Amino acid sequence: MNRLLPVLAALLPLAEGKRIAYVYGDVAEDGAVPSGPAPAYDQMLLDDAGDAGLSDFAALVASLGHTVTGHHDEATTMNATFLSGYDAVVFGLHQKAWATAERQALYRWTAAGGGWFVCTGAAAGGEPGLVGRQNAVGQTAANSLLGPLGMQALVDQSDGVKAVRASKHATHPVVADLPVLGGEDVSPVAVDPADKNITVLIPYEGDAENIVFGEQSVWATQNVGISDPLYAALAAKAVGSGVVVAMFDEHPLRNDGMAVADNRRVLSRVVRHLLGELNSFAVAAAASAVVTRAGSAALHATVTVAGASVDPLTYLWSLAEAPGSAQIAQASDPTASASAFSSVGGHLFKVTVHSAASDEAHAAVAMVLATDAGSVTAAVNCGSQDSFSAATGVSYTPDVHYAAGSAAAHPGAAVGGTADAPLYNTARVGFASYQIPVENGLYWVVLQLAETEFEGAGRRVFSVQVEGAATIEALDLFEAAGGRFVAKDVVAPVVVSDGVLNIAGLAEEGATILNAFVVLSAEDAIYLQILGDTVVQSGGAAYLTVAGSAALSAGDAVSWRTVSGPGIISFAHADDRAAAVRATFTNPGRYTVQAMAISTGVTSIGDFVIDVLHASDVVHAVHCGSTSNYTAATGITYFPDAHYTGGQVDAFAGNAVQRTADSLLYNYARTGMSAYSFPVANGEYIVFLQLAETYFTGPNKRVFDVRAEGALVFDDLDLVAKLGGKWVADCRGFNVVVLDGELTLAFSAAVDNALINAIVVVAAFDKGTIFELPAEIPAVEYRPGGQGVGYVDLTVGNSGGVYRPGDDVDIDESAGGGYNVGGINAGERLSYFARVTYNVAYKWVLRVASAQAEDKTVRLLIDGQVVKVVVFNTNGAGLQTFQDFVVYDVALPLGTHEFALAFDSAGFNVESFSLLFETNAVRSNAGGPPVSGGENPFLAGDYLVFDADSGFTGGSTFSTDNAIDVSGATLPAPQEVYQTERYGDVVYRAEGLVPWRIYGVKLHFAELSFTERGKRVFHINLNGDRALDYFDIFREAGGRNRAFVWHFNARADAHGRFAVELVREVEDPSICGVEMLTHPGMALAYMYGNSFTLTSGQPPAILDVLAANDRSALPLYVVSVKSSGPDLFEVEGNAVKLTTVPGSTSNEFRYTVTNGIQTEEDAFATFFVVSLPAKRTNLTSFGLTQKFPVDADFYLLRDGSLALSGGGHGFFGVGSDEVGSAWKDVAGDFDARLQVKMLTGNGPSPRTGLQVVDYAPGMPRFFAVSVTPTGGFEVSYRLEFYHSVITLAVPEVAVFFPAVYLRLLRTGSTVSGYYSTDNMLWYTIVSVTFPSSTTTGDLPTELEVGPFVFSGESVGGVLTDDAVVDNFVVLQ
């Protein structure tokens, strides 16, 4: 666990307090250690109430629910036995130089999750007036602990008071709200800037921003061996799963320091941080990426709560870094807006969220790029034909400059993280590119995105390149934005040199999407772009720098930060604001970094992605053109040039290369080669090409293409044009799949010769089995990768050896079959990958065995962060007696994530762990004993176990041995439940439920006595309200000894209580079972389906039910069906079977559905079943004339609707288009409208709708707006006779017949298509203008307008597709 970053999920509050060891020293005023008979100097004892005592600190620890115990350093041996009794250690005044074995024991304990704290000034050597101000005794004691960890204490500096605070953009929860830490100017903490695990919480550099009181000191740095250190008042280091915190002075810890409220706040948070408790919630921030200075930027914070409620929360937005000022208006707690920007450039806004309940403050930052309106070169409202003026002050044009894709619209949908929801309600889906004509120069491109279609991660993954540079790589938009309809903006700087700004989309899963984009001129602002190493081996360092416009001077300050990644990045430079840095990383994986340049009046930003590799990931690393090995600063070792075809060597030793620490790597090159071919195993790889122009100084001198396995990866690559000159390094990566055992890179030059300096081939990240949750995961199926990747194991070899014998994990056979992981030691870990699809609450089930009757601890981690901890005790049942231990209320983020079991104890075996839906169930077998059934077939992890009859008032019991037929019941209980009953005046009550939560309630009935209907009739009240009248079990179940289940939803009252009351009407009421279930976080799914047409003589038909999932995607089940007509039908699973052919009426079916827990009645489940009478209509009632085909069927239904069939003859005779259509002649402009009630058929492309035709023999000009049977609208048109048909689809709009309305609007030569779901609010699909035809001239005044149905092909000459339309009208 990395506790140096805000976490996304956290531990539950501990049920009992933790233990802290306080270690203090003993020195005389004259420096004697120990003090002997002389009085001890400032021992800082826990029971001392004086100024130098720690009684207030002891009280603070007690107020947090924990205990602290004092230990004299000379009498303490820091070994595993001592440390096992404590969760944290605080070092007060101490002089003992700890032995190597003690330090190692401390470090091992820390890596397993312990935390410790050192006040560097508390390591005093005696009275300064006697032993000297800069006495090294105390420094030696402190550094015996800190030194090996990359932190060192300076000697005592001077008297005086110094008060400091964190930088304004700090987000660490210890210092997020910028408390002031005050003490004497004693012993700053020197921090190794290259240490990848250290975070400076409060700098001690003399920056005016950080210094609240006091003057900068001139440091006395004797005995400090860190090169060019950073100095800190408060610093923390991650050590394995634990943390170490060092503070510059002991005074904040003493009673006189604890009297200062901010000191007390900091120390309280430090203690909680050491114990892993400072994580009850986390914060993320989002903002409008671009705003004009006259506009308003939306700011939004999202809080993720890990466990118990942290309300009330207070939110404070501030401007952390900026070139000027801006006004912030707090709209509501999580939202705000920023306006009145005084300067253009990047503005870093910070939100600090404080919880009074948990006394925590967490923070996050978001960037806003302010600009002048005149700098907006282009702003496009993708997928829309309408202009849009945003609250940000940016004016967007209708969609232009696109290639491919279709327009999508979700009008009225609320969008999180923005005040401009309509901008994100439309999109171009499946776009291939946008080509925007611009003048050559520097630009900012802002891509504005929102997932508008999918509810869940993994459904849409795509990449975007801007001017050939990867701006978005493998973006899972739902996961990245945090949900559906949540805005996510991406900013990228680009250089355009060919007059066209190119935005290219590449889909990996689903289709690309773009809601809007903005192009800003950067000529008059700082253009800042991060450049440097994009691939690094674990343990190496990435060289990063920035490049920009002429306005970026050498003296401009640059601030660096981590945007995302699996660990921490340390930026190595003197003042944390250098323009070039050396970045090191705690963990392998993909990181994104951000730099912010702060110059006079302007701030700019840029994003950069770095892949950090395991050494085993590198398959090939070739130093092209070289005959020697080369180990780069990135940690990668390159081998001499090999595997090439053709070309020659270019060598230019001694030339300095920009943007890299490895100039020698780029001083060699191979040019003119045709290919590199690397032998590899079949599979997926990432290839990095490292490039620098070594000869030419101007553009268009060397231009070449690169293909990987035949696919074009770089087109017309001009290194000078892209990088700005000669001797400038670049590293470009891409993915490739190899199927023939050889990875081939082909080079072809358009100008001069292709060039390459180095190539790195990396095995793509192997996640192993990705488990689909909910699931049971066998412990032995940890991910591949070996030590440090799939597992951490502290012993060599697999002692059991029965499975995965080459690994170090100890695996044995389980007595009950299968395998288990044994030989577990504290500090070990197993890792897995799983996909979370359902946004619900889960329970974690850990299956373990142990022969020891003592508590064991295991932590569940997701992406390195602890989400739950289980403490279990098997009571020594044995190493093969496996037991389940369950932890509830586990919140899992959607998408694919790395899960890990971290073992904090030894001496047990683990067989599996499960992450299952958490179902809180109350089940009672009315009138009978406990009954156990199997697993709920509709809900994994939920077992049909009914308790003995309880919770009732009144009534008597009856039982029978007769068999009960449960086949007709929906989701029945076990048969035994229906063989007992409680009858009479009965009330069932449940308590302890969640107040106001909606529960799915199932009441189980069977008529055990009467043999005809009407003999037992009663009513049912729920919480005092009548829910069901005149209920007759015999009638509903269909006979005696037949089960019936009534499903409904009901809400618990304000006290968490629920009552079911049976009220007599005829004879005693009776009930067999009661169930109340809740699935936290689940929303009901809705139902929809397709209507169809039946003709007399047709056999019975099936109506399939389709589930439109709202959130949970749980399976749905039909409970009952109601019909508005006399038709007979049967329910068969998720379908309805018509048992008779309906009459000549249109009937409506409504479904009641359940997902096994909750129930929904009439949930968008309307179906029309239409019978066509034998005679045709002459269409006169519609004012229409039959056009094609001449033998088509048109029927006027009883309700006035028109039924039409498509097939048979088409525009060109038999077997072609198969269109059934009827038109009327309309002259001039018009507004035509049509309702579609039903569409069905077996044609290959069924459509029905409204069309306008400029009819002439051949291939006429036309425009049609239509609907498909499975949902979605479409426009098709032909602008010229004999030209191809253009089709635009809007597939994302759900269609619920009969609420489907279509519209055509003609204005001159322009025709527009619209759709609506209520006949009131219309949405534009597209508008087109017909050009003057080369055959017949302009679009004629009179056109033919009317409804149509289209099949695509006839099936055996039979009319294939049928539609029912109504309310056709033409307005003029």
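Quantities reported herein were computed from a predicted structural model and do not represent experimental measurements.

About the cut-offs
- Numbering of residues starts from 1 in every chain and runs along the sequence as written.
- In view of the model being predicted, local features appear only for residues whose pLDDT reaches at least 70, and side-chain atom pairs are presented and counted only at 80 or more, with totals across whole chains, interfaces and linings using the full set of residues.
- With hydrogens and water set aside, each side-chain value is computed from the structure's full complement of heavy atoms.
- The way it works is that DSSP assigns letters per residue, a run of H or I at least four long becomes a helix, a run of E at least two long becomes a strand, and they are numbered from the N terminus.
- Between buried and exposed lies partly exposed: a residue is buried under 20% and exposed over 50% of the maximum accessible area for its type, with that area taken using a 1.4 Å probe on protein chains only.
- In what follows, a contact means two residues having at least one pair of non-hydrogen atoms within 4.5 Å.
- The method behind every accessible area is Shrake-Rupley, applied with a 1.4 Å probe, and residues are considered shielded solely by the protein chains displayed.
- Any carboxyl oxygen of Asp or Glu within 4 Å of a side-chain nitrogen of Lys or Arg constitutes a salt bridge here.
- Between any two strands, at least two bridges found by DSSP are needed for them to pair.
- Residues enter a nonpolar core if they are buried and are Ala, Val, Leu, Ile, Met, Phe, Trp, Tyr or Cys, with the set joined through side-chain atoms within 4.5 Å.
- Only rings of Phe, Tyr and Trp enter the pairing, Trp through its six-membered ring, and a pair is recorded when the two centres are within 6.5 Å. The plane angle decides the type: under 30 degrees is stacked, over 60 is edge-to-face, the rest tilted.
- Any Lys NZ or Arg CZ found within 6 Å of a ring centre and within 35 degrees of that ring's normal is scored as a charge over the ring.
- Here a polar contact is taken to be a pair of N or O atoms separated by no more than 3.5 Å, where protein atoms must pair a possible hydrogen donor with a possible acceptor and residues adjacent in sequence count only if both atoms sit in side chains.
- The quantity known as pLDDT measures the predictor's confidence residue by residue, on a range of 0 to 100.
- Only the stretch in contact is used when fitting a helix axis, every axis being a line fitted to C-alpha atoms; angles between N-to-C directions are given from 0 to 180 degrees.
- Orientation categories follow fixed angle ranges, with anything under 35 degrees roughly parallel, anything over 145 roughly antiparallel, 65 to 115 roughly perpendicular, and all other angles oblique.
- Crossings are sorted by hand: turned counterclockwise from the far helix by less than a right angle, the near helix makes the crossing left-handed, and turned clockwise it makes it right-handed.
- In this classification, the charged set is Asp, Glu, Lys and Arg, the nonpolar set is Ala, Val, Leu, Ile, Met, Phe, Trp, Tyr, Cys and Pro, and all remaining amino acids, among them Gly, are polar.

Colleague: What's the story with the overall build of the chain in this structure? I'm lost.
Modeller: Regarding its fold elements, the chain presents twelve helices and 108 strands. Taking all 1372 residues of the chain together, the buried fraction comes to 56%. Within the chain, residue pairs in contact and separated by at least 24 positions form 71% of the contacts whose partners lie at least 6 positions apart. For the chain, the accessible area works out to roughly 50500 Å², and carbon and sulfur atoms hold 50% of it.

Colleague: Got a minute to help me understand the environment of Val869 in this structure?
Modeller: Inspection of the secondary structure puts Val869 in strand E65 (residues 865-872). For the pair Val869 and Ala902, spaced 33 residues apart in sequence, the C-alpha to C-alpha distance is 9.4 Å.

Colleague: Teacher, can you tell me more about the pattern of salt bridges here?
Modeller: Two side chains carrying opposite charge are able to pair once their charged atoms lie near each other. Following the criterion strictly, the structure yields 32 salt bridges and no others. Measuring nitrogen to oxygen at the nearest pair gives 2.8 Å for the salt bridge that ties Arg982 to Asp949. Here Arg982 is found in strand E74 (residues 980-983), whereas its partner Asp949 is found in the loop between strand E71 (943-948) and strand E72 (952-953), with 33 residues between them in sequence. The buried category is assigned to Arg982, whose relative accessible area is 7%. Among the ionic pairs, Glu1036 bridges to Arg1035, the shortest N-O distance being 3.3 Å.

Colleague: It is not clear to me how the sheet that holds E72 should be interpreted in this structure. Could you clarify?
Modeller: Taken together, the five strands give an open sheet; going across it, the order is E72-E75-E80-E77-E78, and neighbouring strands pair in antiparallel fashion. Sheet topology places E72 and strand E78 (1025-1031) at the edges, where each strand pairs with a single neighbour. Taken together, the two bridges between E72 and strand E75 (residues 987-990) define a ladder with antiparallel strand orientation. Along E75, the bridge assignment pairs Thr953 with Val987.

Colleague: Just to check I follow, could you spell out the pairing of strand E19 (residues 345-355) for this structure?
Modeller: Each regular strand displays side chains that alternate between the two surfaces of the sheet. Most of E19 is tucked away: ten of the eleven residues are buried. In terms of strand pairing, E19 meets strand E20 (residues 360-371) through eleven bridges, oriented antiparallel. Counterpart to Val351 in the pairing with E20 is Ala364. Here E19 folds back onto E20 in antiparallel fashion, the turn holding four residues, of which Asp359 has a positive phi close to 50 degrees.

Colleague: I would appreciate a short explanation of unusual backbone geometry in the present structure.
Modeller: Note: most residues except glycine have negative phi, and most peptide bonds are trans. A cis geometry characterises the amide bond from Leu773 onward to Pro774, with omega recorded as 5 degrees. Mapped onto the fold, Pro774 is located in the loop between strand E57 (770-772) and strand E58 (775-778). Of note in the backbone geometry, Ala340 takes a positive phi value of approximately 55 degrees without being a glycine. With respect to the helices and strands, Ala340 occurs in the loop between strand E18 (335-339) and E19.

Colleague: Just to check I follow, could you spell out the environment of Thr562 for this structure?
Modeller: Considering the arrangement of structural elements, one finds Thr562 in strand E38 (residues 557-564). Along the sequence, Thr562 and Thr592 sit 30 residues apart, while their C-alpha atoms lie 6.3 Å from each other. Apart from the residues within four sequence positions on either side, Thr562 is in contact with Ile569, Phe571 and Thr592.

Colleague: For this particular structure, what's the right way to read the pairing of strand E64 (residues 856-862)?
Modeller: Of all seven residues that make up E64, seven are buried, and the element is covered over most of its length. Of the two faces of E64, both are covered, the one formed by Lys856, Val858, Leu860 and Ile862 as well as the one formed by Thr857, Arg859 and Leu861. Taken together, the seven bridges between E64 and E65 define a ladder with antiparallel strand orientation. Following the sheet pairing, Ile862 is matched in E65 by Gln865.

Colleague: Would you mind showing me how to read the nonpolar core here?
Modeller: Here is a general trend for soluble globular proteins: nonpolar side chains tend to be buried in one another's company. Counting 47 residues, the largest nonpolar core has Phe57, Phe117, Leu234 and Leu253 as the members making the most contacts within it. Top element by residues in this core is helix H7 (residues 261-274). It accounts for five residues. Beyond its immediate sequence surroundings of up to four residues, Leu234 is in contact with Val174, Val175, Leu181, Val200, Leu201, Ile202, Val245, Ala246, Met247 and Val266. In this structure, Tyr832, Val858, Leu915 and Phe917 belong to the second largest nonpolar core, which totals 38 residues.

Colleague: What should I look at first to understand the sheet that holds strand E50 (residues 683-691) in this one?
Modeller: Taking strand neighbours across the sheet as the criterion, the six strands line up as E44-E45-E43-E56-E50-E53 in an open arrangement whose pairing is mixed. Among the strands making up the open sheet, the edge pair consists of strand E44 (630-631) and strand E53 (730-738). Pairing analysis gives six bridges linking E50 to strand E56 (residues 758-763), with the strands arranged antiparallel. Counted as the bridge partner of Gln690 is Ala758 from E56.

Colleague: Help me understand the packing of aromatic side chains in this model?
Modeller: Any two aromatic rings considered together are summarised by their centre-to-centre distance and by the angle between their planes. Summed over all chains, the structure comprises 27 aromatic pairs. For the pair Phe91 and Trp116, a centre-to-centre distance of 5.8 Å together with 80 degrees between the ring planes defines the contact as edge-to-face. Remark: Trp116 occurs in strand E4 (residues 115-119) and Phe91 occurs in strand E3 (residues 88-91); sequence separation between them is 25 residues. By relative accessible area, which is 0% here, Phe91 ends up buried. By relative accessible area, Trp116 is classed as buried at 0%. Aromatic pair Tyr402 and Tyr434: ring centres 6.2 Å apart, planes at 65 degrees, arrangement edge-to-face. Note that Tyr402 is positioned in strand E24 (residues 402-403) and Tyr434 in strand E27 (residues 433-437), a separation of 32 residues in sequence. Every member of this aromatic cluster is reached through a ring pair, and the members are Tyr402, Phe431, Tyr434 and Phe517. For Arg428, the ring lying beneath its charged end belongs to Tyr402, and the centroid distance is 3.4 Å. Directly above the aromatic system of Tyr644 lies the positively charged group of Arg670, at a separation of 3.4 Å from the ring centroid.

Colleague: I would appreciate a short explanation of helix H5 (residues 137-146) in the present structure.
Modeller: Count 3.6 residues to each turn of an α-helix, and residues three or four apart come out pointing the same way. Here H5 lies mainly inside the structure; eight of its ten residues are buried. Within H5, the full set of buried residues consists of Gly138, Gln139, Ala141, Ala142, Asn143, Ser144, Leu145 and Leu146. Tucked inside the fold, the buried residues of H5 contact E3, helix H3 (100-111), E4, strand E5 (151-153) and strand E12 (242-247).

Colleague: Where do I start with the side chain of His71 in this structure?
Modeller: Summarising the element assignment, His71 is placed in strand E2 (residues 67-72). On the basis of relative accessibility, which here comes to 19%, the residue His71 falls in the buried class.

Colleague: Just to check I follow, could you spell out the side chain of Asp399 for this structure?
Modeller: Within the secondary structure layout, Asp399 lies in the loop between strand E23 (395-396) and E24. A polar side-chain atom of Asp399 sits 2.8 Å from the main-chain amide nitrogen of Gly383. The residues touching Asp399, leaving out its near neighbours within four places in the chain, are Val380, Asn381, Cys382, Gly383, Ser384, Gln385, Arg428 and Tyr434.

Colleague: Help me understand the environment of Gly741, please; the structure alone is not making it clear to me.
Modeller: Mapped onto the secondary structure, Gly741 falls in the loop between E53 and strand E54 (742-751). Residue Gly741 is classed as partly exposed on the basis of its relative accessible area, which comes to 27%. Sequence separation of Gly741 and Pro679 is 62 residues, and the distance between their C-alpha atoms is 6.0 Å. If we ignore the near neighbours within four places in the chain, the residues touching Gly741 are Phe678, Pro679, Val680 and Asn682.

Colleague: Help me understand helix H1 (residues 55-63) in this model?
Modeller: Taken as a whole, H1 has its buried residues at Ser55, Phe57, Ala58, Leu60 and Val61. The elements touched by buried residues of H1 are strand E1 (19-24), E2, E3, helix H6 (255-258) and H7. Of the residues one or two after H1, Gly65 is the one with positive phi, at around 90 degrees.

Colleague: Whenever I open this one, the confidence of the model for the chain confuses me. Can you help?
Modeller: If pLDDT is low for a region, its predicted coordinates should not be looked at in detail. Put simply, the chain has an average pLDDT of 77, and 76% of its residues get 70 or more. When the elements of the chain are averaged for pLDDT, strand E83 (residues 1086-1088) gives the smallest value, 31, and strand E81 (residues 1070-1071) the largest, 97. Below a pLDDT of 50 lies the segment residues 574-578, which in the model reaches 18 contacts outside its immediate sequence neighbourhood of four places, other chains included. Below a pLDDT of 50 lies the segment residues 1132-1151, which in the model reaches 100 contacts outside its immediate sequence neighbourhood of four places, other chains included.

Colleague: Would you mind going over the packing of H1 against H7 with me for this structure?
Modeller: To characterise two packed helices, one gives the angle between the axes of the helices and the distance between these axes. As a packed pair, H1 and H7 sit with axes 11 Å apart at the nearest point and diverge in direction by 55 degrees. Looking at the two axes, H1 sits oblique to H7. As for the relative orientation of H1 and H7, their crossing is right-handed in sense. Where H1 approaches H7, its residues Asp56, Phe57 and Leu60 are matched on the opposing element by Arg264, Leu267, Ser268 and Val271. Residues of the contact of H1 with H7, tallied by class, amount to four nonpolar, one polar and two charged.

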